[in-house]
Amino acid sequence: MPKKKNKAALIGIAGGIAAAIALVIVLIVVFGKSSATEGQTQQQAADKYANGINTNNMQMVVDAIMPKEAADKLKKSEYMTTKEIAYYYGDLPSEDENISNVKIKVKGKSEDYYDADDLDDIKEEIEEEYDINVSEVEVREIDLSFKADGEQESYPEDMIFYKSDGKWYILDF
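Residues numbered from 1 in each chain as written. Predicted model: local features only at pLDDT ≥ 70, side-chain atom pairs only at ≥ 80, totals over all residues. Heavy atoms only, no water.

Turning our eyes to something else, we now look at the overall build of the protein chain. A tally of helices and strands in the protein chain yields six helices and four strands. Going from N to C terminus, the protein chain has its helices and strands arranged as α-α-α-α-α-β-α-β-β-β. Looking at the protein chain as a whole, 31% of its 173 residues are labelled buried. A fraction of 61% describes how many contacts in the protein chain between residues 6 or more apart in sequence connect residues 24 or more apart. When the accessible surface of the protein chain is summed, it comes to about 11,100 Å², and 54% of that surface belongs to carbon and sulfur atoms. (Helix = DSSP H or I, 4+ residues; strand = E, 2+ residues; numbered from the N terminus. Buried < 20%, exposed > 50% of the residue type's maximum accessible area, 1.4 Å probe, protein only. Contact = heavy atoms within 4.5 Å. Areas by Shrake-Rupley, 256 points an atom, 1.4 Å probe, with all protein chains shown as cover.)

On to the sheet that holds strand β1 (residues 99–109), then. If you walk across this open sheet you meet the four strands as β1-β2-β3-β4, and the pairing is antiparallel. Every interior strand has two partners, whereas the edge strands, β1 and β4 (167–171), have only one. Strand-to-strand twist across the sheet, computed as the mean angle between neighbouring axes with direction ignored, equals 35°. Strands β2 (136–148), β3 (151–164) and β4 of the sheet are contacted by helix α6 (residues 116–130), whose axis makes an angle of about 80° with β2. (Pairing = 2+ DSSP bridges. Axes fitted to C-alpha atoms, helices over the stretch in contact; angles between N-to-C directions.)

Here we take up the packing of helix α3 (residues 58–65) against helix α5 (residues 82–90). Helices that pack against each other are described as a pair by the angle of their axes relative to one another and the distance between those axes. Direction vectors running N to C along α3 and α5 enclose 50°, while the axes themselves pass 8 Å from each other. What the angle tells us is that α3 and α5 run oblique. The chirality of how α3 crosses α5 is left-handed. Residue-level contacts link Met-58, Gln-59, Val-61, Val-62 and Ile-65 of α3 to Thr-82, Lys-83, Ile-85, Ala-86, Tyr-87, Tyr-89 and Gly-90 of α5. A per-class count over the contact of α3 with α5 returns eight nonpolar, three polar and one charged. (Parallel < 35°, antiparallel > 145°, perpendicular 65-115°, else oblique. Left-handed = near helix turned anticlockwise from the far one by under 90°. Nonpolar A, V, L, I, M, F, W, Y, C, P; charged D, E, K, R; others polar.)

What follows concerns helix α4 (residues 68–77). When we look at burial in α4, the residues that qualify are Ala-70, Ala-71 and Leu-74. Projection of α4 onto a plane perpendicular to its axis shows the buried side chains occupying an angular sector of 100°, all on one side. In this structure, α4 carries Lys-68 and Lys-76 as exposed residues pointing more than 90 degrees from its buried face. The secondary structure elements touched by the buried residues of α4 are α3, α5 and α6. Positive phi shows up at Tyr-79, right after α4, with a value of about 55°. (Arc of directions from axis to C-beta.)

What follows covers the layout of surface pockets. A probe matching the size of a water molecule, rolled over the atoms, marks out where space remains unfilled. A volume near 180 Å³ is recorded for the second largest pocket. Along its surface, the second largest pocket is lined by Ile-53, Asn-54, Asn-56, Met-58, Tyr-87, Leu-92, Pro-93, Ser-94, Glu-95, Glu-97, Ile-99 and Ser-100. Within the residue set of the lining of the second largest pocket, elements represented by two or more residues are α2 (42–55) and β1. Its residues assigned to classes, the lining of the second largest pocket comprises six nonpolar, four polar and two charged. (1 Å grid on protein atoms, 1.4 Å probe; cavity = no way out; pocket = protein on both sides within 12 Å on 5 of 7 lines; lining within 4 Å. Points joined across faces, edges and corners; volume = space filled by probe spheres on them.)

What follows deals with unusual backbone geometry. Located in the positive-phi region is Asp-131, a residue other than glycine, with phi close to 55°. Mapped onto the secondary structure, Asp-131 falls in the loop between α6 and β2. A positive phi is found at Asp-149, a non-glycine position, where the angle reads about 50°. Within the secondary structure layout, Asp-149 lies in the loop between β2 and β3. Given a relative accessible area of 61%, Asp-149 falls into the exposed group.

Laid out in structure tokens, this is it:
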């Protein structure tokens, strides 16, 4: 008789463990999926842009400044390469300039005055130029630092960010 009780207890424990594992899997799927689809933040877009410049990775620069579908349309309709898109739309320094160690720290909203009409105009321009939907436009203060010809430079700047399909992108500044 004691063996049946032990067997029943083991089955109960195994069932409890299986239920706990199932709960963990459900939580990972639900919460993991929502955080994975949130999109890139303004700081992530700025980091991607700076890292693309620092590593000469033009695809990274393009990914920071526009959605993939917009870049693909430019490649097809304008016959532009990734490098051409990065330089034209990403406002990159010329290749003969010795720029390195680019860092961008996104801060608060710009103290310069951009009213709702200004932001709507920017939004419309982006939508027309890239043929995408833009849900939000913000002008943020940034700290921009970089090394130019061996000298470290740093200064405040305004940077325009726009949001499309849940991801923030940089508009050239």
